[in-house]
Amino acid sequence: MEWRETPQSGHGRIDQRCIELLPVEALSEHMRKQWPTIRSIACISRTREHIRAGQITRTQAETVYLITSLTRPKPKDILRLNRNHWRIETMHRDKDVTLGEDRYTNRSDNAPRNIFTLVSATRTLLKRISKSPTKAIEMMQDNRARAIRIVTDQPKNTFL
């Protein structure tokens, strides 16, 4: 079963994804024995055209394969799950790379939970300032008064 996503434009590029779903029977018997929970296989092809001044300057193509335990998934659902996965990866990158969560070494008592809570709250506050936590840090690092004003002027929303 094949399905094509409507091309999406933005950020100086046009992206299109195509998915082909195969039943688990497309795998060899040996492979099915190795992974008994697999129910279907997806082949996702992505094409990205970079646009500058109305002209395509570069085209990138990529093919990835996914395996899933979902029985008879719809192509659109697999593409949605695949795209949402990157949101999670972005959050982990923000927490690990930008905010250094993995460098904390205190593993006793409530320290890990407290660090997780503080890093999550910090990321949420930074995202209020800019989509990029790194850019938000750069904007605020030399102006503590501005940082306090931005944080306290926001509506009182819960963020944990």
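Before reading further, recall that the structure is shown in the block above.
Residues numbered from 1 in each chain as written. Predicted model: local features only at pLDDT ≥ 70, side-chain atom pairs only at ≥ 80, totals over all residues. Heavy atoms only, no water.

## What to know about the pairing of strand S5 (residues 55–68)
Argument step 1. Judged from the 13 bridges that link them, strand S4 (residues 40–52) and S5 form a sheet pairing that is antiparallel. Across the sheet, residue Ile41 finds its bridge partner in S5, namely Ile67.
Argument step 2. Count of turn residues in the S4/S5 antiparallel hairpin: two residues, of which Ala53 carries a positive phi of about 55°. (Pairing = 2+ DSSP bridges. Helix = DSSP H or I, 4+ residues; strand = E, 2+ residues; numbered from the N terminus.)

## Quick look at the packing of helix H2 (residues 75–98) against helix H3 (residues 111–129)
Argument step 1. Contact geometry of H2 with H3 gives a least axis separation of 10 Å together with a crossing angle of 110°. Classified by the angle their axes make, H2 and H3 are roughly perpendicular. Of H3, the residues touching H2 (which contributes Met91, Asp94 and Lys95) are Phe116, Val119, Ser120, Arg123 and Lys127.
Argument step 2. Residue classes in the contact of H2 with H3 are distributed as three nonpolar, one polar and four charged. (Axes fitted to C-alpha atoms, helices over the stretch in contact; angles between N-to-C directions. Parallel < 35°, antiparallel > 145°, perpendicular 65-115°, else oblique. Contact = heavy atoms within 4.5 Å. Nonpolar A, V, L, I, M, F, W, Y, C, P; charged D, E, K, R; others polar.)

## Topic: H3
Argument step 1. Its 19 residues give H3 an end-to-end C-alpha distance of 27 Å, which sits within 8% of 27 Å, the value for a rise of 1.5 Å per residue.
Argument step 2. Among all positions in H3, only Ala111, Val119, Ser120, Ala121, Arg123, Leu126 and Ile129 are buried. (Expected span 1.5 Å × (residues − 1). Buried < 20%, exposed > 50% of the residue type's maximum accessible area, 1.4 Å probe, protein only.)

## A word on the pairing of S4
Argument step 1. Across 11 bridges, the pairing between strand S3 (residues 13–23) and S4 is antiparallel. Note on S4: the bridge partner recorded for Arg17 is Arg46.

Shape descriptors only; they carry no functional weight alone.
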